[in-house]
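The lines below spell out each chain.
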Amino acid sequence: MAIRAVVFDIGGVLEIVAESSLLGDWATRLGDVWAGGVIGTVTEEQVHAAISERMGVSRDRTDELMNEMWAWYLGVANTELIEYLRALRPRYRTGLLSNSFVGAREREQEAYGYAELVDDIVYSHEVGMSKPEPAIYRLTCDRLGVRPDETVFVDDVPANIEAAREVGMIAIEHRDNEDTIAQLRAALHE
């Protein structure tokens, strides 16, 4: 089967993200809010209100914490993979599939211009489901106009790789740029 599309994860693949102690504290106190933000069942304003209330901090401190969270979330651009992805167009349909957080599209667009990089972006917070749910992979393929078996998917989370394979995608686990690009070239017969 010929490959017609290539889809990348964002965090940990196109954005290099460091460990954060902030998230450990948030997981303890705000797990339900974080989970809701990933699938879009809470608004940014509700996130801010929950942080202020549950962590007992002022609105100004809440804004500071969210700014820290977004700085961590956006990480640093993995320019080598971003440029590799950019070069795939127009030979292939290209997309991004991300377990995101409410507000991510706007911030990632401002920081990295992803909308101009690919044909489509599927953010979990906008579609109400997240990886490794099989339906989100199918939705991504549908939006790109391809079948799963015509699609290569790159992610850094083993469970997401396994789920992609179960729906029929060729899936590559990102460990480092050199290995990922070599596997992509092999899959694309370059």
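Located above this text is the structure these notes cover.
Computed from a predicted model, the values in this text were never measured in an experiment.

**Student:** An account of the environment of I39 is requested, with residue identities and associated values reported.
**Tutor:** Position of I39 relative to the elements: it lies in helix 1 (residues 21–39). Owing to a relative accessible area of 29%, I39 belongs among the partly exposed residues under this scheme. In this view, I39 contacts S124, H125, G128, M129 and S130; residues no more than four positions away in its chain are not counted.

**Student:** Describe helix 10 (residues 177–187), with residues and values.
**Tutor:** Along helix 10, the residues classified as buried are N177, T180, I181, L184 and A187. With its buried residues spanning 125° around the axis, helix 10 presents them on a single face. Structural note: helix 10 exposes E178 and A186 on the side pointing more than 90 degrees away from its buried face. Looking at the buried residues of helix 10, the elements they touch are strand 1 (5–8), helix 4 (79–87), strand 6 (151–155) and strand 7 (170–173). Capping the start of helix 10, D176 holds a side-chain oxygen 3.2 Å from the backbone nitrogen of E178, two or three residues further along. Phi turns positive one or two residues past the end of helix 10, at H189, with a value near 55°.

**Student:** Provide a residue-level description of the packing of aromatic side chains, including the pertinent values.
**Tutor:** For any pair of aromatic rings, the description consists of the separation of the ring centres together with the inter-plane angle of the planes. Applying the stated criterion to the full structure yields 6 aromatic pairs. Note on W34 and F101: the rings are 4.3 Å apart at their centroids and 20° apart in plane angle, and the pair reads as stacked. Within this pair, whereas W34 is found in helix 1, its partner F101 is found in the loop between strand 4 (93–98) and helix 5 (104–112), the two being separated by 67 residues in sequence. Under the relative-accessibility criterion, F101 is labelled buried at 1%. Considering the side-chain rings of W70 and Y73, the 5.0 Å spacing of their centres and the 65° angle between planes classify their relative orientation as edge-to-face. One end of the pair is W70 and the other is Y73, both in helix 3 (residues 59–74) and 3 residues apart, which spans about a single turn. Grouped by ring-pair contacts, the aromatic residues W34, W70, W72, Y73 and F101 constitute a single cluster.

What counts as what
- Residues numbered from 1 in each chain as written.
- Predicted model: local features only at pLDDT ≥ 70, side-chain atom pairs only at ≥ 80, totals over all residues.
- Heavy atoms only, no water.
- Helix = DSSP H or I, 4+ residues; strand = E, 2+ residues; numbered from the N terminus.
- Buried < 20%, exposed > 50% of the residue type's maximum accessible area, 1.4 Å probe, protein only.
- Contact = heavy atoms within 4.5 Å.
- Arc of directions from axis to C-beta.
- Polar contact = N/O pair within 3.5 Å; in protein donor to acceptor, adjacent residues only side chain to side chain.
- Phe/Tyr/Trp six-rings, centres within 6.5 Å; stacked < 30°, edge-to-face > 60°.

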